[in-house]
Amino acid sequence: MTASKRFEGLVAVVTGAAGGLGAASAQRLAAEGARIVAVDRDERIVEAAAQLPGEALGVVADIADASAVDAYMAAGVERFGRIDRFHLNAGIFGSFSSLPDLSVDDFEQVMRVNVTGQFLGIRAAFRHYRDQAAAGTFTGGAIAVTASIAGHRGSADLLPYQTSKHAVVGLVHGAAVYGGPLGVRVNGVAPGIVPTQLFAAAASQKGGGNDMVQRASTTPLRRAGGADEIAGAVAFLLSDDSSYTTGEIVAADGGASIVNTVRPAGGAGAWDTAPGDAALYADWARFGEESTRG
């Protein structure tokens, strides 16, 4: 626990706070003095909020449902009188299916949560800040959105997730331009490989949970990150320590996104591409055989 009290007297919303990055963020902000409105669609959020240091409220809500977002905002305001900071963190990783096999439903589900859900949270924050301004109680605001290094680069797997995180970058940039003149800062944090419950359902999937430590070993720091390390970046972005920072996507990724992977120092040739390519070729060959038989 940190001795700093940068958020003393402030109220912070944290979505996706029942576990993983959201839980670590809620813990860090609460330890630094914030009162917390912890939001998650998992009913365990009520108990998770009760375990936080200081005063906290747990609210069960689907962040991709506009009425549910209004409800958690109303609950927070009723309990604490106002909301000052937002960590819009909730998200899903979606399907590992290859591009030709992706269903529209799988793609749209990820976009609904990771993009529409973040938009609704940002919109709710600005509406609340506007109400504060009308009442003469607005003292400035800050929003941090969980992006991803997947929003900076390309990959053939987790395509819906990757697409959604590119869109999140656009949301952050647009909201920052809008909010800057009003005194509202909007930034994103882009985690790298951080083993959390988000990937637990894909524990045996290549590129999911089973090889995260191995993949992280190729970053400059040669290790995976911890949820508390991402929480530290979030706390910085929501604090006055970052008072001249807005519209930024801050990577907390062990240096993964700075590596030139075609240089020897960046691990060029360190990965055997044959197994992954073999599966791809076999998949396409299968379709060719089926087409011929048909």
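Residues numbered from 1 in each chain as written. Predicted model: local features only at pLDDT ≥ 70, side-chain atom pairs only at ≥ 80, totals over all residues. Heavy atoms only, no water.

## A short note on helix α4 (residues 104–135)
When the terminal C-alpha atoms of α4 are compared, their 44 Å separation across 32 residues agrees well with the 46 Å that a helix rising 1.5 Å per residue should span. By the largest-angle criterion, Arg112 marks the main kink of α4, which is about 35 degrees. Backbone geometry just downstream of α4 places Gly136 in the positive-phi region, at approximately 75 degrees. (Helix = DSSP H or I, 4+ residues; strand = E, 2+ residues; numbered from the N terminus. Expected span 1.5 Å × (residues − 1). Bend = angle between axes of the 7 residues up to and from the residue.)

## Quick look at the pattern of salt bridges
Scanning the entire structure with this criterion turns up nine salt bridges. A salt bridge links Arg6 to Glu32; the nearest nitrogen and oxygen atoms lie 2.7 Å apart. Placement of the pair is Arg6 in the segment before β1 (11–15) and Glu32 in the loop between α1 (20–31) and β2 (35–40), with a sequence separation of 26 residues. Ionic pairing is found between Glu55 and Arg79, a salt bridge with its closest N-O pair at 3.4 Å. Note that Glu55 is positioned in the loop between α2 (45–50) and β3 (56–60) and Arg79 in helix α3 (residues 66–80), a separation of 24 residues in sequence. (Salt bridge = Lys/Arg side-chain N within 4 Å of Asp/Glu carboxyl O.)

## Describing the environment of Ser95
Along the chain, Ser95 falls in the loop between β4 (85–88) and α4. In this structure, the C-alpha to C-alpha distance between Ser95 and Leu171, residues 76 residues apart in sequence, is 23 Å. Excluding its chain neighbours within four sequence positions, the residues that come into contact with Ser95 are Leu102, Asp106, Leu158 and Pro160. Here Ser97 takes part through its side chain, which lies 2.9 Å from a polar atom of the side chain of Ser95. (Contact = heavy atoms within 4.5 Å. Polar contact = N/O pair within 3.5 Å; in protein donor to acceptor, adjacent residues only side chain to side chain.)

## Considerations on the packing of aromatic side chains
According to the stated counting rule, one finds four aromatic pairs in the structure shown. With a centroid separation of 5.5 Å and 55 degrees between ring planes, the pair formed by Tyr129 and Phe138 is classed as tilted. Using a relative accessible area of 3% as the deciding quantity, one classes Tyr129 as buried. A relative accessible area of 23% places Phe138 in the partly exposed class. Among the aromatic residues, ring-to-ring pairing joins Phe86, Tyr129 and Phe138 into one connected group. (Phe/Tyr/Trp six-rings, centres within 6.5 Å; stacked < 30°, edge-to-face > 60°. Buried < 20%, exposed > 50% of the residue type's maximum accessible area, 1.4 Å probe, protein only.)

## Focus: the layout of surface pockets
By volume, the second largest pocket amounts to about 290 Å³. What lines the second largest pocket is a set of 14 residues, among which Arg123, Phe126, Arg127, Tyr178 and Leu182 lie closest to the centre. Looking at the lining of the second largest pocket element by element, the count peaks at eight residues for α4. Its residues assigned to classes, the lining of the second largest pocket comprises eleven nonpolar, no polar and three charged. (1 Å grid on protein atoms, 1.4 Å probe; cavity = no way out; pocket = protein on both sides within 12 Å on 5 of 7 lines; lining within 4 Å. Points joined across faces, edges and corners; volume = space filled by probe spheres on them. Nonpolar A, V, L, I, M, F, W, Y, C, P; charged D, E, K, R; others polar.)

## Overview of the side chain of Asp40
Take Asp40: it is sitting in strand β2. Lacking a salt bridge, the buried Asp40 has Arg41 as its closest oppositely charged neighbour, with an N-O distance of 5.4 Å. Discounting chain neighbours no more than four positions away, the residues touching Asp40 are Gly16, Ala17, Ala18, Ile45, Val59, Val60 and Ala61. (Lys, Arg positive; Asp, Glu negative; His and termini not counted.)

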